Amino acid sequence: MTQDARDQERKQTPQSASPEGQKAEDNDEGSQHSVSNEDLATVFLRETEVVEEAVEDGKKVRRKGIYLLPNLFTTSALFSGFFAVVAGINGEFTSAAVAIFIAMVLDGLDGRVARMTNTQSAFGAEYDSLADMISFGMAPALVAFTWILQDIGKTGWVVAFLYVACAALRLARFNVQIGSVDKKWFIGLPSPSAAALVAASVWTFHSFDADALGFKLLMLFVVAAAGVLMVSNIRYYSFKDLDFKKPVPFVVLLAVVLGFVMISVEPSVMLLLLFGAYVCSGPVLAVMRKATPKS
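It should be emphasised that the depicted structure is a prediction, and the values quoted were computed from it without experimental measurement.

A. Quick peek at the pattern of salt bridges. Applying the stated rule across the entire model yields one salt bridge. Here Lys216 ties to Asp151 by a salt bridge, and the two come within 4.0 Å at their closest N and O atoms. Residue Lys216 is located in helix α9 (residues 213-230), and its partner Asp151 is located in the loop between α6 (122-147) and α7 (154-177); the two are separated by 65 residues in the primary sequence. Lys216 sits in the buried class, given a relative accessible area of 17%. For Asp151, a relative accessible area of 47% corresponds to the partly exposed category.

B. Geometry of the environment of Asp110. Take Asp110: it is sitting in helix α5 (residues 93-116). What makes Asp110 buried here is its relative accessible area of 5%. Linking Asp110 and Pro70, residues 40 residues apart in sequence, is a C-alpha distance of 4.8 Å. Once residues lying within four places of it in the same chain are set aside, the contact partners of Asp110 are Pro70, Phe73, Thr74 and Asp128. At a separation of 2.9 Å, a polar atom in the side chain of Asp110 contacts the side chain of Thr74.

C. Representation of the confidence of the model for the protein in the model. Looking at the protein, pLDDT values average 82 and 75% of them are 70 or higher. Helix α2 (residues 19-37) is the least confidently modelled element of the protein, averaging 50 in pLDDT, while helix α4 (residues 68-89) averages 94, the highest of any element. A low-confidence stretch, residues 13-17 (pLDDT under 50), is modelled with one contact involving residues beyond four sequence positions or located in other chains.

D. Seen up close, the packing of helix α8 (residues 191-207) against helix α11 (residues 267-291). For the pair α8 and α11, the least separation of the axes is 8 Å and the interaxial angle reads 145°. In terms of crossing hand, the pair formed by α8 and α11 is left-handed. Every residue of α11 that contacts α8 at Ser193, Ala196, Leu197, Ala200, Ser201, Trp203, Thr204 and Phe205 is listed here: Pro267, Ser268, Val269, Leu271, Leu272, Phe275, Gly276, Tyr278 and Val279.

E. Geometry of the environment of Ile100. Along the polypeptide, Ile100 turns up in helix α5. Spatially, the C-alpha atom of Ile100 lies 8.7 Å from that of Pro192, the residues being 92 residues apart in sequence. Setting aside residues up to four positions removed in sequence, Ile100 forms contacts with Ala84, Ser135, Phe136, Ala139, Pro140, Ala195 and Ala199.

F. Highlighting the side chain of Ser129. By the element assignment, Ser129 lies in helix α6. Using a relative accessible area of 11% as the deciding quantity, one classes Ser129 as buried. Those residues within four positions of Ser129 in sequence are excluded, and the remaining contacts are Leu171 and Asn175.

G. Spatial organisation of the nonpolar core. Phe101, Leu149, Tyr163, Leu189, Val202, Met219 and Val223 are the most contacted members of the largest nonpolar core, which has 49 residues in total. If you list the elements that add at least two residues to this core, you get α4, α5, α6, α7, α8, α9 and α11. Among the elements that line this core, the one with the most residues is α8, at 10 residues. Not counting residues up to four positions away in its chain, the partners in contact with Leu149 are Ala144, Gly156, Ala160, Lys216, Met219, Leu220 and Val223.

H. Structural detail: the environment of Val159. With respect to the element layout, Val159 can be found in helix α7. The exposure class of Val159 is buried, given its relative accessible area of 10%. Sequence separation between Val159 and Leu220 is 61 residues; the distance between their C-alpha atoms is 7.0 Å. The residues touching Val159, leaving out its near neighbours within four places in the chain, are Leu220, Val223 and Ala224.

Thresholds applied
- Residues numbered from 1 in each chain as written.
- Predicted model: local features only at pLDDT ≥ 70, side-chain atom pairs only at ≥ 80, totals over all residues.
- Heavy atoms only, no water.
- Salt bridge = Lys/Arg side-chain N within 4 Å of Asp/Glu carboxyl O.
- Helix = DSSP H or I, 4+ residues; strand = E, 2+ residues; numbered from the N terminus.
- Buried < 20%, exposed > 50% of the residue type's maximum accessible area, 1.4 Å probe, protein only.
- Contact = heavy atoms within 4.5 Å.
- Polar contact = N/O pair within 3.5 Å; in protein donor to acceptor, adjacent residues only side chain to side chain.
- pLDDT = per-residue confidence, 0-100.
- Axes fitted to C-alpha atoms, helices over the stretch in contact; angles between N-to-C directions.
- Left-handed = near helix turned anticlockwise from the far one by under 90°.
- Core = buried A, V, L, I, M, F, W, Y, C linked by side-chain atoms within 4.5 Å.

This is how it looks when you write it as structure tokens:
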């Protein structure tokens, strides 16, 4: 056989694969087969799982998943805040104000439920803060703006933005101050109370068909004052030291019943008076502390 014939035969004969190449090819085929057989839902759940560090029995552990019960309340509060935004855009200001108050109630429940069931988590705290930004930051400002502040022009949307920015700063400061301040007091007006003041004002004055310039200026002052008080250093009583497990005199329950009756007679006006008094309590107590001579 000539040299040319041997070269031609070598080209036509396929070369056998090396053991290493064959093994790599088998591994690739096996991995592709396992991925194809794995459920897409399982892959999605695995790749989107929340993992956070927690302290259990004095040791740091990596915990997967979230607690459903407290986050259901947070999600409900977020839904109420978003509903308030949509209702305000559609001109349904009474429904928007009521939705903000519902969000306020749900926001107060999620933390208590988490503590009662021992289901606190860093994820829940961050989720609650973001939901508060929508329910008590964006929603009240937008509702007030779409109702009456937009009639004032540039000043109206600037004041509305001031409220939103102050709410964001208030929530950020609250998050970093957890555990370093006295739980008996809030530093600055709590964002739910500020939102309740704005919502009650919209609810009350809208019921009276208040379109005069005086009401516009009043709402401008209310929204701006609520925003500034949120980022102030004025202390507000937090009611966190109240122990609802201890027995109380019968007259306390009677006062609670009378309070519900008074609120049900004229909800918007009574809620405005209630939260207006709480908002004013901070500056009044601050002035009284400064006026009282130190012993």
